[in-house]
Amino acid sequence: MASEQVKVIGAWASPFVMRPRVALNLKSIPYEFLEETFGSKSELLLKSNPVQKKIPVLLHGDKPVCESSIIVEYIDETWSTSGPSLLPSTPYDRAIARFWASYLDEKWFRSLRSILKAEGEEEKKAAIAQVEEENSFIEKAFIDCSKGKAFFNGEHIGYLDIAFGSFLGWLRATELLSGHKLVDEAKTPSLSKWAEQFCNDPAVKPVMPDTAKLAEFAKKIFAKPPA
Amino acid sequence: MAERSEEVKLLGMWASPFSRRVEIALTLKGVPYEFSEQDIANKSPLLLQSNPVHKMIPVLLHNGKPISESLVILEYIDDTWQNNPILPQDPYHRAMARFWARFVDEQIYVTAMKVVGKVGEERDVAVEATRDLLKLLEKELVGKNFLGGERLGFVDIVATLVAFWLMRTEEVVGVKVVPVEMFPEIHRWVENLLDVDVIKKCIPPEDEHLNYIKARMDSLKLKSVQ
């Protein structure tokens, strides 16, 4: 069952797509990456995720699994004997990891995008302040979760590292475009160190999008239509 | 599963579907707990301290350690007390259950809120959108007693939001959002739910609940007029 063919339907720029890819890499599971064209949805995508028509979709054999964090848990549970566990070992630590992953998706990423969508300096400043406040919560969460080790998950990259780490490309692109550092040694020392270690990991490097390329892409999709 | 001296406390709100679903899970597993009714308009220090990020209920306190976000709490309960499992064992079915639970909370709930919150044409649009989403749930129920299959499961517990909140607002809003002709499976499923003791015990009493919904709607209307 676990040996059936694995495919990931996604796109290079999507932080959500990065998550299952990092997870599969950590578990040393080979997979085929099916890249969607920006602006259109393939038949396979529409067939595999008819409810939301969104990427990523993991295809395991002929079974589709949707929603990036659900896919990561699926990967961890299916290939439980390959490599270290992605979810923490105690129910409480798992709950904390899931809580923060949910926070990142529901609040943090939206706040980050508000910086790019901001119209005028005032709005931009407010958006930046919002993200910085949220980053301070995450910095504290890192200290609590990591318990002195390199990653949220302890010694090894795990679910919450993947959840936040997959946003680092967009974080850096936003810093580049806004001219303002959000995660650095001064403001978020622990996260800054963690980010470097995460990005250098061999499971992450091949799928982390290039900051400059993402910034160009972001400019395109957030371009204001002519008045 | 060793017996421990457990202290389980739930900071909740009697009319909240998110709070009630936690009660359903705890009751299903026979976990004794202390319920602490929270005043949302006047948040207690304990609530603010236990959930500083969102300042929302429900919050489960297990031996003093807080867990927030209802879906996270449900998984924690299932992880901690392994009798009467809520989530399936198999990874694929677990993924499907998680998917549908999110669908209920992130799509059905958000859209259904607009049915209550809007009026006129905007409300009609919201009703149509809600029905489109419910059709997917309807499809899932074909040939099954519950969304979880033979027995009540994770998705059923989460979807009590549809059965006992969305469907109860119909009376107050005066719109049949979920007519039986369009959604025979959903209606059959609600009947099945009402046959389960734990559900009967844990959902808000109907009359009080309807009065509460009506009062909230009236206050929302007042707000939109001001």
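Residues numbered from 1 in each chain as written. Chains lettered and ligands numbered in written order. Predicted model: local features only at pLDDT ≥ 70, side-chain atom pairs only at ≥ 80, totals over all residues. Heavy atoms only, no water.

For any two helices packed against each other, one specifies the inter-axial angle together with the distance between the axes. It is the contact of helix H3 (residues 68–78) of chain A with helix H4 (residues 91–117) of chain B, at a shortest axis distance of 9 Å, that shows an interaxial angle of 165°. One way to sum up the angle between H3 of chain A and H4 of chain B is to call them roughly antiparallel. The crossing of H3 of chain A and H4 of chain B is right-handed. Two secondary-structure elements touch here, H3 of chain A through Ser69, Ile70, Glu73, Tyr74, Glu77 and Thr78 of chain A and H4 of chain B through Pro91, Tyr92, Arg94, Ala95, Arg98, Phe99 and Arg102 of chain B. (Axes fitted to C-alpha atoms, helices over the stretch in contact; angles between N-to-C directions. Helix = DSSP H or I, 4+ residues; strand = E, 2+ residues; numbered from the N terminus. Parallel < 35°, antiparallel > 145°, perpendicular 65-115°, else oblique. Left-handed = near helix turned anticlockwise from the far one by under 90°. Contact = heavy atoms within 4.5 Å.)

Let us now look at a negative patch on the surface. Residues and elements named next belong to chain B. Taken together, the side chains of Glu171, Glu206, Asp207 and Glu208 present a region of like negative charge at the surface. Here the element with the most residues in the negative patch is helix H9 (residues 206–225); it accounts for three residues. Following the sequence through the fold, glutamate 171 ends up in helix H6 (residues 154–173). Judged by relative accessible area, which is 59%, glutamate 171 ranks as exposed. (Patch = residues over 30% accessible without salt bridge, like charges linked within 9 Å, V, L, I, M, F, W, Y side chains within 5 Å. Areas by Shrake-Rupley, 256 points an atom, 1.4 Å probe, with all protein chains shown as cover. Salt bridge = Lys/Arg side-chain N within 4 Å of Asp/Glu carboxyl O. Lys, Arg positive; Asp, Glu negative; His and termini not counted. Charge placed at Lys NZ, Arg CZ, Asp CG, Glu CD. Buried < 20%, exposed > 50% of the residue type's maximum accessible area, 1.4 Å probe, protein only.)

Residues and elements named next belong to chain A. The terminal C-alpha atoms of helix H5 (residues 121–146) lie 36 Å apart, and with 26 residues this matches the ideal 38 Å at 1.5 Å per residue to within 8%. Within the span of H5, buried status applies to Ala127, Ile128, Val131, Glu134, Asn135, Ile138, Glu139, Ala141, Phe142, Cys145 and Ser146. Looking at the packing, one finds that the buried side of H5 touches helix H4 (91–117), helix H6 (159–165) and helix H8 (189–200). Among the residues trailing H5, lysine 147 stands out with phi positive, at a value near 50°. (Expected span 1.5 Å × (residues − 1).)

Attention now goes to the packing of aromatic side chains. All told, the structure shown has 23 aromatic pairs over all chains when counted by the stated rule. Taken together, a centroid distance of 5.7 Å and an interplanar angle of 80° make the contact between phenylalanine 16 of chain A and phenylalanine 109 of chain A edge-to-face. Linking phenylalanine 16 of chain A in helix H1 (residues 15–26) with phenylalanine 109 of chain A in helix H4, this pair joins segments that are 93 residues apart in sequence. For phenylalanine 16 of chain A, a relative accessible area of 24% corresponds to the partly exposed category. Phenylalanine 109 of chain A gets classed as buried once you look at its relative accessible area, which sits at 6%. With 5.6 Å between their ring centres and 90° between their planes, phenylalanine 16 of chain A and phenylalanine 167 of chain A make a pair best called edge-to-face. Taken together, the positions of phenylalanine 16 of chain A in helix H1 and phenylalanine 167 of chain A in the loop between H6 and helix H7 (168–178) put the pair 151 residues apart, joining distant regions of the chain. It is lysine 213 of chain A that lies over the ring of tryptophan 12 of chain A; its NZ or CZ is 4.3 Å from the centre. A cation over an aromatic ring shows up here: lysine 65 of chain B above the ring of tyrosine 92 of chain A, its NZ or CZ 4.5 Å from the ring centre. (Phe/Tyr/Trp six-rings, centres within 6.5 Å; stacked < 30°, edge-to-face > 60°. Lys NZ or Arg CZ within 6 Å of the ring centre and 35° of its normal.)

A few words on the packing of helix H1 (residues 17–28) of chain B against H6 of chain B. All names here are of chain B. Two elements in contact, H1 and H6, have axes whose closest approach is 9 Å; the angle formed by their N-to-C orientations is 125°. In this view, H1 runs oblique relative to H6, as classed from their interaxial angle. Note on packing geometry: the crossing formed by H1 with H6 is right-handed. Seen from H1, the contacting residues are Pro17, Phe18, Arg20, Arg21, Ile24 and Leu28; seen from H6, they are Ile157, Val158, Thr160, Leu161 and Trp165. Its residues placed into classes, the contact of H1 with H6 shows eight nonpolar, one polar and two charged. (Nonpolar A, V, L, I, M, F, W, Y, C, P; charged D, E, K, R; others polar.)

A few words now on the domain arrangement of chain A. Residue and element names in this part refer to chain A. Each assigned domain of chain A is listed here: domain 1 (6–78) and domain 2 (91–221). The gap between the C-alpha centroids of domain 1 and domain 2 is 21 Å. Counting residues at the interface gives 16 residues for domain 1, matched by 22 residues for domain 2. Taken as a group, Trp12, Met18 and Arg19 account for 36% of the area that domain 1 buries against domain 2, more than any other trio of residues on that side. Run the count over domain 1 and domain 2 and you get two salt bridges. (Domains from an automatic or database assignment. Buried area = accessible area lost by both parts, 1.4 Å probe.)

Look at the UniProt record and you will see "domain: GST N-terminal" (unreviewed entry) annotated at residues 4–83 of chain A. From the first C-alpha to the last, residues 4–83 of chain A spans 18 Å; its make-up is 36% helix and 21% strand. (UniProt positions renumbered as here; feature names shortened; annotations may be inferred.)

A few words now on the sheet that holds strand E1 (residues 8–12) of chain B. All names here are of chain B. Pairing within the open sheet is mixed, and its four strands lie in the order E2-E1-E3-E4. Each edge of the sheet is formed by a strand with only one pairing partner; in this case those strands are strand E2 (34–37) and strand E4 (65–68). Going from strand to strand, the sheet's axes swing by 20° on average, the running direction of each strand aside. Bridging between strand E3 (residues 59–62) and E4 involves four bridges; their strand directions are antiparallel. Opposite histidine 62, over in E4, you have lysine 65 as the bridge partner. Across the face of the sheet, H1 comes into contact with E1, E2 and E3 while running at roughly 155° to E1. (Pairing = 2+ DSSP bridges.)

Structurally, aspartate 79 of chain B is set in helix H3 (residues 70–80). The residues touching aspartate 79 of chain B, leaving out its near neighbours within four places in the chain, are Pro91, Arg94 and Arg98 of chain A.

Attention now moves to the interface of chain A and chain B. Every contact between the two is made by 27 residues of chain A and, on the other side, 27 residues of chain B. Residues arginine 94 of chain A and aspartate 79 of chain B are paired through a salt bridge, measuring 2.8 Å at the closest nitrogen-oxygen approach. Summed over the shared surface of chain A and chain B, the number is nine residue pairs in polar contact (both at pLDDT 80 or more). For the side of chain A that touches chain B, the elements supplying multiple residues, two or more each, are strand E4 (63–66), H3 and H4 of chain A. In terms of residue count, H4 of chain A provides more of the side of chain A that touches chain B than any other element does, twelve residues in total. (Polar contact = N/O pair within 3.5 Å; in protein donor to acceptor, adjacent residues only side chain to side chain.)

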